[in-house]
Amino acid sequence: MAVKQMQYLIIGASAAGMAAAEAIRKLDSEGSVTVLSDEQDMPYFRPMIPFVISGKKKFSEIMLIGQGPYQGANIDVRLNSRVETVNTADQKVSVKSGEELPYDKLLIATGSVPNIPSDIGGVEAEGVFVLRTIADARAMARRAETAGHAVMLGGGLLNLKAAFALLERGLDVTLIVKSPEILSRLMEPDDTVLIRNALNKAGLKLMTGSSVTRILSDSTGVIGVLLDNGGEIPCQMVCIGKGIRANVEFLDKSGILVDQGVVVDKFTCSNIQNVFAAGDVAVTFDPITGQRIVTGLWTNAAEMGSCAGRNMVGRPSAYSGTFGILNATQVADEPFVSMGIVHTKGTDYETHIAATPKAYRKLVFTPDGTRLIGALFIGDISRAGLYRYIIRERMSVKDIKSDIVNHRLHYGYFLR
Amino acid sequence: MSQPKEIFVRLDRCVGCHTCKIACSVEHSKSKNLFEAISEQPAPKNRVYVEWVPPDRKVPVLCRHCEDAPCMHACISGAISRTEEGVIITNSDKCIGCWTCVMVCPYGVIGRHLETRKAYRCDRCPDLQVPACVDSCPTQALVYRTVEGFSGDVRQDAAREMISGKGN
C-alpha cells in the first residue's frame, strides 16, 4: 500500500527548526521537509554572531548546514519567507510574497524578538542596535569601524558578549545596567565578584544601578546617551540588550493558544492538531519547579526541536523540560556555569558556598537538603554535566552529598 | 558489515594503577615519548580518568561517544561531529571555549585546554590500531572490541562460571 508522502513545514531556520528538520529526515526519508526563514542568509549558529562583530570569524565560518548534527540532506530551506498568517483549519500558511504553503505537520520555531523598552527615547537613531541576527551583527561591525565609544544597555549574557566583541575591536565600551549587578538572571550580586574582576581587567566600564532615558543623535547618528540622573555620556553607538519575548504576533488569528509563547503539551504539540512548537517561541516547563517558562537558549532549542521533529513523524517523544537557567560560557578569563535555581536570597533553600580567589561554587539544595536543585560554578567548571544530571533526574543525594558540596563528584558514584 | 570497535571498561579488573592515563597523555603529547612529554608546555592532557569510589573501587571513565551525544547537539558553534567510525570529535578550529559541552556531558569527561580555550576529549587515538589506554592496561580492564564481540565474551565467561559451579 502506498503511503502518502507527508509535507512537513517548519517556520524558523535556527536551532529548533533545523534540529527538527534533521530529526524528521532521520525518521522519514520520503516526506518533504520545508523550512521557512525570514532572514536573507542561510541558517547559522546564532550564538556565534558576536564573533562576526569582533571580526574573529567570517559568516562562512558560522554557517550551520554541514556542521555537527546539521547535515541538511534533502531539506528545503527558503529564505526571505516571512510567514504572515497560519490557517489551521485548512492547514496552510501564507508567506509575505503571497504564496500559500500547505502542510500535514507544522512546526512553529520562530524564536524570539528583542524587547525594546518604551521608556528609552530616541531608539530609532542610526547607530542604535539590538543584536539578534547576522544582519544586525554586520551593521554593528560597520558602525564600529568609525565609532570610538559604545554604550551597552542591559547586563545579560548576549550584551556582555557583544561588549567584548567591541572591546576586541578597540572601542571603549561602557555597560549600563539598571539592576545592582550584571548577569542578574544567572547569579546573585554576591556571586559576581570574580566575573566583575575579569570584566574590569578586560577594560569594560560598568555602571550599575543606572539607566538611560534618552539616546541623543544628530545627522551622524548617535552622539550620546542621557542618564536618569541627568548625566550624559558621549558615544557613537548603542546596543540594547533588554531581554527577549516570544515571536508570536503572526499567530494572532490562528487559534493557536499563546500565553507568553506557544503553549505546548509534553509532546511539543500545541492546542491545535498537527501544529507543534519548539525553541524560544514555545512555553515549556522547568522540571525542578514545574513552572512554565520561556527560555532563550540555543541548547534548549536544539533539544526541543529534535523532540518536536520526532513527534511530527509520529514517534511520540516526551520533552523532559528544561531549566530556566542553563548557561555555560566564558567571560574574559572566567568560565562559568549556571543552572537550575541559583537565586537563594529570601528563600529557605539549603545553600553551600565555597569561595577562593580563583573559584566560586554555589550549590543549592531543597530546604530539607535531600535534592540538588541548582549549581553555580565560576572559575572551575569541571564535570559540571554530572551536577546537571543530578538536578535534572531529581536524584536523591543522600550518599553523595559531601562529594557534591566538596567538588569530589565523578561518574564513578553513579555506578553504585 | 564490520561493526565499529569501542572501548569497554571491566570494572572488576581495574586495580587503579593509572597507567592508562599516562599512556593517554603521552599519545596526546607533541613528542609521543614519555620522557619528553613530561617537560612539554603546556603539559599533555589525559582523556581517560581513573576515579576512586569508597570504600575501594576504581572506575576508569572516558568519553562514551554516545549514540545521541548531548555534547554534539548542545554545541553552539558546530564544532562537535561524529566520524564515520562513530567517534565523536571536537574540531579545535571551530571550538570557541564556551564550555556548553562540559555543562551537558553526563559523564564529566570533557576537559578544557585553559591555555588555548579549547575543549578536548577521548579521540580513540586515530593514529593507532588500538587506543593507547587499552594497549597499556596491564590487567586488561580496558578492552577494544565490537559490541557484539564484547557481549559474546561476557556470555562465554558467564557460561564458564556456571559450568565450574561458581556462578549459582
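If you're wondering where the values come from, they're calculated on a predicted model, not measured in any experiment. (Residues numbered from 1 in each chain as written. Chains lettered and ligands numbered in written order. Predicted model: local features only at pLDDT ≥ 70, side-chain atom pairs only at ≥ 80, totals over all residues. Heavy atoms only, no water.)

S.K.: Please set out the overall build of chain B residue by residue, giving values where relevant.
M.R.: When helices and strands are tallied, chain B shows 6 helices and 8 strands. Sequence-ordered secondary structure for chain B, helices as α and strands as β, is β-α-α-β-β-α-β-β-α-β-β-α-β-α. With respect to the three principal axes, the spread of C-alpha positions in chain B is 55 × 35 × 35 Å. The buried share of chain B, reckoned over its 168 residues, is 48%. Sequence-distant contacts in chain B: of pairs separated by 6 or more residues, those separated by 24 or more amount to 54%. (Helix = DSSP H or I, 4+ residues; strand = E, 2+ residues; numbered from the N terminus. Buried < 20%, exposed > 50% of the residue type's maximum accessible area, 1.4 Å probe, protein only. Contact = heavy atoms within 4.5 Å.)

S.K.: Could you give an account of a nonpolar patch on the surface, naming the residues involved and the relevant values?
M.R.: Residues and elements named next belong to chain B. Taken together, the side chains of Ile22, Leu34, Phe35 and Ile38 make up a nonpolar region of the molecular surface, amounting to roughly 450 Å² of accessible area. By secondary structure assignment, the location of Phe35 is in helix 2 (residues 34-37). The exposure class of Phe35 is exposed, given its relative accessible area of 67%. (Patch = residues over 30% accessible without salt bridge, like charges linked within 9 Å, V, L, I, M, F, W, Y side chains within 5 Å. Areas by Shrake-Rupley, 256 points an atom, 1.4 Å probe, with all protein chains shown as cover. Salt bridge = Lys/Arg side-chain N within 4 Å of Asp/Glu carboxyl O.)

S.K.: Can you explain the pairing of strand 7 (residues 105-108) of chain A? Please cite residues and give values.
M.R.: Residue and element names in this part refer to chain A. Side chains Lys105 and Leu107 project from strand 7 onto one buried face, and the interleaved Leu106 and Ile108 project onto a second face that is buried too. Where strand 1 (residues 7-11) lies against strand 7, 4 bridges are found, and the strand directions are parallel. Bridging from a neighbouring strand, Ile11 pairs with Ile108 of strand 7. Here strand 7 runs beside strand 20 (residues 275-277); their pairing, made up of 3 bridges, is parallel. Across the sheet, residue Ile108 finds its bridge partner in strand 20, namely Ala277. (Pairing = 2+ DSSP bridges.)

S.K.: Tell me about the pattern of salt bridges, and please be specific about residues and values.
M.R.: All names here are of chain A. Scanning the entire structure with this criterion turns up 27 salt bridges over all chains. Residues Arg78 and Glu99 are paired through a salt bridge, measuring 3.5 Å at the closest nitrogen-oxygen approach. Residue Arg78 is found in strand 3 (residues 76-78), and its partner Glu99 is found in the loop between strand 5 (92-95) and strand 6 (100-102); the two are separated by 21 residues along the sequence. Between Arg143 and Glu126 there is a salt bridge, and its shortest N-O distance comes to 3.8 Å. Remark: Glu126 occurs in the loop between strand 8 (112-114) and strand 9 (128-129) and Arg143 occurs in helix 3 (residues 134-146); sequence separation between them is 17 residues. Of the residues examined, Arg143 reaches a relative accessible area of 14% and is grouped as buried. Since its relative accessible area comes to 57%, Glu126 is described here as exposed. Salt bridges here are not isolated pairs; linked through shared partners, they connect Asp76, Arg78 and Glu99.

S.K.: Account for the sheet that holds strand 20 of chain A, naming residues and giving values.
M.R.: All names here are of chain A. Within the open sheet, the 5 strands sit side by side as 3-2-1-7-20. Their pairing is parallel. Edge strands, defined here as strands with exactly one partner in the open sheet, are strand 3 and strand 20. Pairs of neighbouring strands in the sheet enclose a mean axial angle of 20°, with direction left out of account. Across the sheet, helix 1 (residues 15-27) lies against strand 1, strand 2 (32-36), strand 3 and strand 7, angled at about 175° from strand 2, the strand it touches most. (Axes fitted to C-alpha atoms, helices over the stretch in contact; angles between N-to-C directions.)

S.K.: Can you tell me about the interface of chain B and chain A, naming the residues and giving the values?
M.R.: Across the boundary between the two partners, chain B contributes 33 residues, which contact 41 residues of chain A. Summed over both partners, the interface of chain B with chain A comes to about 2900 Å²; 60% of that surface belongs to carbon and sulfur atoms. The largest contributions to the chain B side of the interface with chain A come from His73(B), Ile76(B) and Met103(B), which together make up 22% of the buried area. For Arg112(B), the salt bridge is made with Asp380(A), and the minimal N-O distance between the two is 3.7 Å. The tally of links from chain B across to chain A stands at 8 residue pairs in polar contact (both at pLDDT 80 or more). (Buried area = accessible area lost by both parts, 1.4 Å probe. Polar contact = N/O pair within 3.5 Å; in protein donor to acceptor, adjacent residues only side chain to side chain.)

S.K.: Any chance you could break down the side chain of Asn46(B) for me, citing the residues and the numbers?
M.R.: Along the polypeptide, Asn46(B) turns up in the loop between helix 2 and strand 2 (49-53). Residue Asn46(B) is classed as buried on the basis of its relative accessible area, which comes to 18%.

S.K.: Any details on the environment of Asp93(B)? Residues and values, ideally.
M.R.: Relative to the elements of secondary structure, Asp93(B) occurs in the loop between strand 5 (88-90) and helix 4 (100-104). Separated by 25 residues in the primary sequence, Asp93(B) and Lys118(B) place their C-alpha atoms 8.7 Å from one another. Aside from chain neighbours lying at most four places away, what touches Asp93(B) is Lys57(A) and Lys118(B).

S.K.: Go over the domain arrangement of chain A with me, naming the residues and quoting the values.
M.R.: All names here are of chain A. Domain annotation for chain A reports domain 1 (7-113 + 245-313), domain 2 (128-242) and domain 3 (341-415). For domain 2 versus domain 3, the distance between C-alpha centres works out to 32 Å. Taken residue by residue, the interface counts 9 residues in domain 2 and 11 residues in domain 3. Between domain 2 and domain 3, a total of about 780 Å² is buried, with carbon and sulfur atoms accounting for 57% of that surface. For domain 2, the biggest contributors to the area lost against domain 3 are Glu188, Asp191 and Leu194; these three give 69% of the whole. For the pair domain 2 and domain 3, the number of links is 2 salt bridges. When the shortest N-O distance is used, the salt bridge between Asp191 and Lys362 registers 3.0 Å. (Domains from an automatic or database assignment.)

S.K.: So what about the pairing of strand 16 (residues 237-240) of chain A? Which residues, and what values?
M.R.: On any regular strand, side chains alternate: one points to one face of the sheet, the next to the other face. All names here are of chain A. Side-chain alternation along strand 16 places Met237 and Cys239 on one buried face and Val238 and Ile240 on a second face that is also buried. Of the pairings in the sheet, the one linking strand 9 to strand 16 comprises 2 bridges and is parallel in character. In the strand pairing of strand 16, Phe129 is matched with Cys239. Strand direction decides the pairing type here: strand 10 (residues 149-153) and strand 16, joined by 4 bridges, are parallel. Bridge assignment links Val151 to a residue of strand 16, and that residue is Val238.

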